[in-house]
Amino acid sequence: MSASAFYAGALYMNNHHRFNQLMSSFRGEGPYLFVDGKKMFDAASGTFNLALGYNHPTLVARLQQQLERCSHLSSRFTHDASQLLFERLKPYLPAGMERFWFRDITGSSAIEGAIRMAQKASGRSGVISFYRAHHGQSLATASISGNAFRLSHFHTVIEGSLKIPAPASLYCGVSASAPIELPDFEQYIEYASTDNIACIVIEPVQGNGGNIVFPPAFYSALREVASRHNIAIIADEVQTGFGRTGSFFASSGYAAALQPDILVFAKGAGGIGIPAAGICMRPEYDVLESFEHSSTSGANPLALTALDATISVIEEEGVLDNVEALQPHLEAGLLELQQRYSGFMSGARGIGFMYAFDLPTVESVDLFIEIAERHQLIVRSARYGRSNTVKVRPALISTQQDIDVLLHALDASLAEFVATCPQLEGVA
Ligand SMILES: Cc1ncc(COP(=O)(O)O)c(C=O)c1O
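Note that this is a predicted model, so its numbers are computed, not measured. (Residues numbered from 1 in each chain as written. Predicted model: local features only at pLDDT ≥ 70, side-chain atom pairs only at ≥ 80, totals over all residues. Heavy atoms only, no water.)

1. Comments concerning the overall build of the protein
Summing up its helical and strand segments, the protein has twelve helices and 17 strands in all. Computed over its C-alpha atoms, the radius of gyration of the protein comes to 22 Å, within 12% of the 22 Å expected for a compact globule of 428 residues. Along the three orthogonal principal directions, the C-alpha set of the protein runs to about 65 × 60 × 45 Å. For the protein, the proportion of its 428 residues judged to be buried stands at 53%. Across the protein, contacts joining residues at least 24 apart in sequence account for 77% of those joining residues at least 6 apart. Averaging the coordinates of the 30 positive side-chain charges in the protein and doing the same for the 42 negative ones gives two points 4 Å apart. (Helix = DSSP H or I, 4+ residues; strand = E, 2+ residues; numbered from the N terminus. Rg over C-alpha atoms; globule rule 2.2 N^0.38 Å. Buried < 20%, exposed > 50% of the residue type's maximum accessible area, 1.4 Å probe, protein only. Contact = heavy atoms within 4.5 Å. Lys, Arg positive; Asp, Glu negative; His and termini not counted. Charge placed at Lys NZ, Arg CZ, Asp CG, Glu CD.)

Now the structure itself:
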């Protein structure tokens, strides 16, 4: 063996060994992540996508079985399985969703598919979206997302699009309902557009924008103006879908007044983090040719298996009932902490298992995340708006005991946070 072949082999073995070491330092168990053996409660559910935790046994078994059969099939062979899945989803969808398009595995590309449907059906181009919204990382979805920092070096415009302010709402699902001022939608359409709006894209609860839960009157006002102008409403349920807000979809539960024309899901749909996404729509938006929107891995067998198994677990294990039953406990715990740490923690808000609270400053959120890790808790911040938000999104299979672990770790983290930076008091 030549010296260079020997060294290349040694390098490979070394890299391979190191790679395995790195990957094996993480192990998930339900809502917990073990990092180098240290048990952490993951209150971010991965990237808000582990609806059923890290390793739900039903998902693992079904996926292993499918992996042994095949992990890829061209969409020509998966259409019937997709159809069966859609039939399973139908009872949970808002009224009128009679068609489906399961050819995506990411939320961004599924949102683009939905926009294409609205554009082709209407012959118009523009998209209305909201300040602080997040609809994805592709050029088109970033361009309609409501924050400038992701766009500063990139240039794409969907002609005729507008971003409009979303109400600043701190609506708390169980305990509070402060009245808010609704935007004057009519005014934006009349003065800022040129009769070229194809759709309004909205997250029923703004996730990355700071966990903003809108009051129901907002959804009905939007529905009314959209119907009057024949503009499609696209519900971006990438974060809110598959039980996160306590109903299967937010727009068939809390946000039912939205009555979307097109609905997009991703994230939690894959149960334990398997990439899976889909679009459901009213028949008049089922207008695309297959070559107009698809991707290599769309409707791959692992994604479809994960979707099917996730629906089964949600149904068989009463996951929605679990969220509904424990939401008051989670919310009461957060409100109690807010009282105990008033002046530091504020604005606790949310619905289902989708909660958040604010800390005084952006920097203090970074510090808090570090402190929380020492208390075996993973939390994430919201990057948008004032960015001083900490999101709390436990896996939907979390038990009351798990929620207590989360609240206890938050309590300990806040106590250390307050002791570390007493000078912040009163800034909030
Ligand atoms: C509401 C919402 N829409 C769309 C997306 C984009 O999904 P993906 O990251 O799977 O492309 C995200 C991702 O965070 C999201 O939160």
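2. A look at the domain arrangement of the protein
A common way to express how large an interface is: the accessible area buried when the components associate. In terms of domain boundaries, the protein breaks down into domain 1 (24-55 + 318-424) and domain 2 (61-316). Of note, the centres of domain 1 and domain 2, computed from C-alpha atoms alone, are 25 Å apart. At the interface, 37 residues of domain 1 touch 42 residues of domain 2. Summed over both partners, the interface of domain 1 with domain 2 comes to about 3100 Å²; 61% of that surface belongs to carbon and sulfur atoms. Linking domain 1 with domain 2 are zero salt bridges. The interface formed by domain 1 and domain 2 contains 14 residue pairs in polar contact (both at pLDDT 80 or more). Those elements giving two or more residues to the side of domain 1 that touches domain 2 turn out to be helix 2 (45-48), helix 10 (319-340), strand 13 (346-351), strand 14 (354-358) and strand 17 (389-392). Counting residues per element, the side of domain 1 that touches domain 2 draws most heavily on helix 10, at six residues. (Domains from an automatic or database assignment. Buried area = accessible area lost by both parts, 1.4 Å probe. Salt bridge = Lys/Arg side-chain N within 4 Å of Asp/Glu carboxyl O. Polar contact = N/O pair within 3.5 Å; in protein donor to acceptor, adjacent residues only side chain to side chain.)

3. Some points on the sheet that holds strand 6 (residues 162-164)
Spatially, seven strands are ordered 4-12-11-10-7-5-6 in an open sheet, and the strand pairing comes out mixed. For this open sheet the edge positions go to strand 4 (99-104) and strand 6, each flanked by a neighbour on one side alone. Across the sheet, the mean angle separating the axes of adjacent strands is 20 degrees when strand polarity is ignored. Where helix 4 (residues 75-89) meets the sheet, it contacts strand 4, strand 11 (262-265) and strand 12 (277-281), and its direction lies at approximately 130 degrees from that of strand 4. (Pairing = 2+ DSSP bridges. Axes fitted to C-alpha atoms, helices over the stretch in contact; angles between N-to-C directions.)

4. So, the pairing of strand 13
Taking burial as the measure, the six residues of strand 13 include five buried ones, the bulk of the element. Strand direction decides the pairing type here: strand 13 and strand 14, joined by four bridges, are antiparallel. Directly across from Ile351, in strand 14, lies its bridge partner Met354. Counting the residues in the hairpin turn of strand 13 and strand 14 gives two residues, including Gly352, whose phi is positive at 60 degrees.

5. Examining helix 4
For helix 4, with 15 residues, the first-to-last C-alpha span of 19 Å sits near the 21 Å given by 1.5 Å per residue. The largest bend in helix 4 amounts to roughly 30 degrees and is located at Ala81. Among all positions in helix 4, only Thr78, Ser82, Leu85, Phe86 and Leu89 are buried. (Expected span 1.5 Å × (residues − 1). Bend = angle between axes of the 7 residues up to and from the residue.)

6. Side note on the sheet that holds strand 13
Strand order in this open sheet of four strands is 13-14-17-16, and the pairing throughout is antiparallel. The strands lining the two open edges of the sheet, one partner per strand, are strand 13 and strand 16 (380-381). Two strands pair when backbone bridges link them, and strand 16 and strand 17 are joined in this way by two bridges, in the antiparallel orientation. The residue of strand 17 that forms the bridge with Ser381 is Val390.

7. Focus: a nonpolar patch on the surface
A cluster of nonpolar residues, Met1, Phe6 and Tyr7, forms a patch on the protein surface that exposes about 450 Å² of accessible area. Within the element layout of this structure, Phe6 appears in helix 1 (residues 3-24). A relative accessible area of 47% places Phe6 in the partly exposed class. (Patch = residues over 30% accessible without salt bridge, like charges linked within 9 Å, V, L, I, M, F, W, Y side chains within 5 Å. Areas by Shrake-Rupley, 256 points an atom, 1.4 Å probe, with all protein chains shown as cover.)

8. Some details on the pattern of salt bridges
Applying the stated criterion to the full structure yields 15 salt bridges. With a shortest N-O distance of 3.1 Å, Asp286 and Arg99 are connected by a salt bridge. Separated by 187 residues along the polypeptide, Asp286 in the loop between strand 12 and helix 9 (301-316) and Arg99 in strand 4 bring together distant segments of the chain. Using a relative accessible area of 29% as the deciding quantity, one classes Asp286 as partly exposed. A relative accessible area of 36% places Arg99 in the partly exposed class. The shortest N-O distance in the salt bridge between Glu336 and Arg340 comes to 3.0 Å. With Glu336 and Arg340 both in helix 10 and four residues apart, the pair spans about one turn of that helix. Residue class for Arg340 comes out partly exposed when judged on its relative accessible area of 44%. Linked by salt bridges that have partners in common, Arg62, Arg88, Asp308 and Glu315 make up one network.

9. Let's talk about the environment of Ala95
Mapped onto the elements, Ala95 comes out in the loop between helix 4 and strand 4. With 302 residues separating them in the primary sequence, Ala95 and Ile397 have C-alpha atoms 27 Å apart.

10. Quick look at the site of the ligand
The environment of the ligand is formed by Thr106, Gly107, Ser108, His134, His135, Gly136, Glu203, Asp236, Val238, Gln239 and Lys267. One of the backbone nitrogen or oxygen atoms of His134 is found 3.4 Å away from a nitrogen atom of the ligand. At a separation of 2.8 Å, an oxygen atom of the ligand approaches a polar side-chain atom of Gln239. For the shell around the ligand, the per-class residue count stands at one nonpolar, seven polar and three charged. (Near = heavy atom within 4 Å. Nonpolar A, V, L, I, M, F, W, Y, C, P; charged D, E, K, R; others polar.)

11. Looking at the nonpolar core
Membership of the largest hydrophobic core comes to 67 residues, with the highest contact counts inside it found for Phe242, Phe265, Phe357 and Phe368. In terms of residues, this core owes the most to one element, helix 9, which gives nine residues. Counting only domains with at least three residues in this core, you end up with domain 1 (24-55 + 318-424) and domain 2 (61-316). Ignoring sequence-local partners within four residues, the contact set of Phe265 consists of Leu89, Phe102, Glu237, Val238, Phe242, Phe249, Ala276, Ala277, Gly278, Cys280 and Leu307. (Core = buried A, V, L, I, M, F, W, Y, C linked by side-chain atoms within 4.5 Å.)

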